Amino acid sequence: EDKVVQSPLSLVVHEGDTVTLNCSYEVTNFRSLLWYKQEKKAPTFLFMLTSSGIEKKSGRLSSILDKKELFSILNITATQTGDSAIYLCAVEYSGGSNYKLTFGKGTLLTVNP
Amino acid sequence: DGGITQSPKYLFRKEGQNVTLSCEQNLNHDAMYWYRQDPGQGLRLIYYSQIVNDFQKGDIAEGYSVSREKKESFPLTVTSAQKNPTAFYLCASSIRGPGTEAFFGQGTRLTVV
């Protein structure tokens, strides 16, 4: 059973469009939610969210977490072809003395010129 | 420079052979992870380790083994028991503690021929 569910799985837009990517989760002992961008090989870190309702922003990207409804969104405004990538959502949660980082399947974003 | 190094980048293996993937980090991180990525599957956790000489099974540990004899190193062995080993393997590390981002290596693409 998937603990982290991302939607949509793929998305095609035109340059300049605004996109919203979704990530819902169902875990116990939640610690944090992280967003990554994967263009070729290694995912690169975008945001880490631990508190509800506080928007994190970096340029045209922003993200927010809702711990009551158990989801997060990643917004990209004025998309560019360089935004084309797989966007991964991961949730960190603990079980006893250990904690795990579990990823969703990712959203493949394609931005066409 | 600090970072995570995975080797080799590409690896070919004959069916029935064991193969070991290397992951080394010089970030002084306590936690290390191995993920497998297949098309449309996102990242699935194979094994993770919080501290030296301790590791835990992830969601898809069958057919894999790991060791953590040194803080810097977390090698993954893909055994002949793994029924479908052809995949892209990513290693990551993070500072131990809640809500810390994971840094990824560049990955190893394993192909069984």
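To keep things clear, this report deals only with the structure shown in the data block.

### What about the overall build of chain B?
- Check the secondary structure of chain B and you find zero helices and eleven strands.
- In chain B, the succession of helices and strands from N to C terminus is β-β-β-β-β-β-β-β-β-β-β.
- Over its C-alpha atoms chain B spans a radius of gyration of 13 Å, differing by no more than 12% from the 13 Å that the globule rule assigns to 113 residues.
- Here the C-alpha coordinates of chain B stretch approximately 40 × 30 × 25 Å along the principal axes.
- Long-range pairs, those at least 24 residues apart, make up 52% of the contacts in chain B between residues at least 6 apart in sequence.
- Working note: accessible area of chain B is about 5,400 Å², and carbon and sulfur atoms make up 47% of it.
- Taking the 12 positively charged and 11 negatively charged side chains of chain B as two groups, their mean positions are separated by 6 Å.

### Some points on the environment of Ser73(B)
Residues and elements named next belong to chain B.
- Considering the arrangement of structural elements, one finds Ser73 in the loop between strand 7 (64-66) and strand 8 (76-78).
- Judged by its relative accessible area of 11%, Ser73 is buried.
- Each C-alpha atom of the pair Ser73 and Val52 lies 9.2 Å from the other, and the pair is 21 residues apart in sequence.
- Residue contacts for Ser73: discarding those within four places in its chain leaves Cys23, Glu24, Met32, Ser67 and Arg68.

### Topic: the interface of chain A and chain B
- Contacts between chain A and chain B engage 21 residues on the former and 30 residues on the latter.
- Linking chain A to chain B there are zero salt bridges.
- Take the side of chain A that touches chain B: its biggest share by element is six residues, from strand 10 (residues 98-103) of chain A.
- Split by residue class, the side of chain A that touches chain B holds ten nonpolar, six polar and five charged.

### Here's the deal with a nonpolar patch on the surface
- A surface patch of nonpolar side chains, amounting to about 380 Å² of accessible area, comprises Tyr10(B), Phe12(B) and Val113(B).
- Relative to the assigned elements, Val113(B) resides in the segment after strand 11 (108-112).

### A few points about the pairing of strand 11 of chain B
Residue and element names in this part refer to chain B.
- Burial along strand 11 is one-sided: the face carrying Thr108, Leu110 and Val112 is buried and the face carrying Arg109 and Thr111 is not.
- The sheet contact formed by strand 9 (residues 87-94) and strand 11 spans three bridges and is antiparallel. Each residue of the ladder has a partner; that of Tyr89, found in strand 11, is Thr108.

About the thresholds
Residues numbered from 1 in each chain as written. Chains lettered and ligands numbered in written order. Predicted model: local features only at pLDDT ≥ 70, side-chain atom pairs only at ≥ 80, totals over all residues. Heavy atoms only, no water. Helix = DSSP H or I, 4+ residues; strand = E, 2+ residues; numbered from the N terminus. Rg over C-alpha atoms; globule rule 2.2 N^0.38 Å. Contact = heavy atoms within 4.5 Å. Areas by Shrake-Rupley, 256 points an atom, 1.4 Å probe, with all protein chains shown as cover. Lys, Arg positive; Asp, Glu negative; His and termini not counted. Charge placed at Lys NZ, Arg CZ, Asp CG, Glu CD. Buried < 20%, exposed > 50% of the residue type's maximum accessible area, 1.4 Å probe, protein only. Salt bridge = Lys/Arg side-chain N within 4 Å of Asp/Glu carboxyl O. Nonpolar A, V, L, I, M, F, W, Y, C, P; charged D, E, K, R; others polar. Patch = residues over 30% accessible without salt bridge, like charges linked within 9 Å, V, L, I, M, F, W, Y side chains within 5 Å. Pairing = 2+ DSSP bridges.

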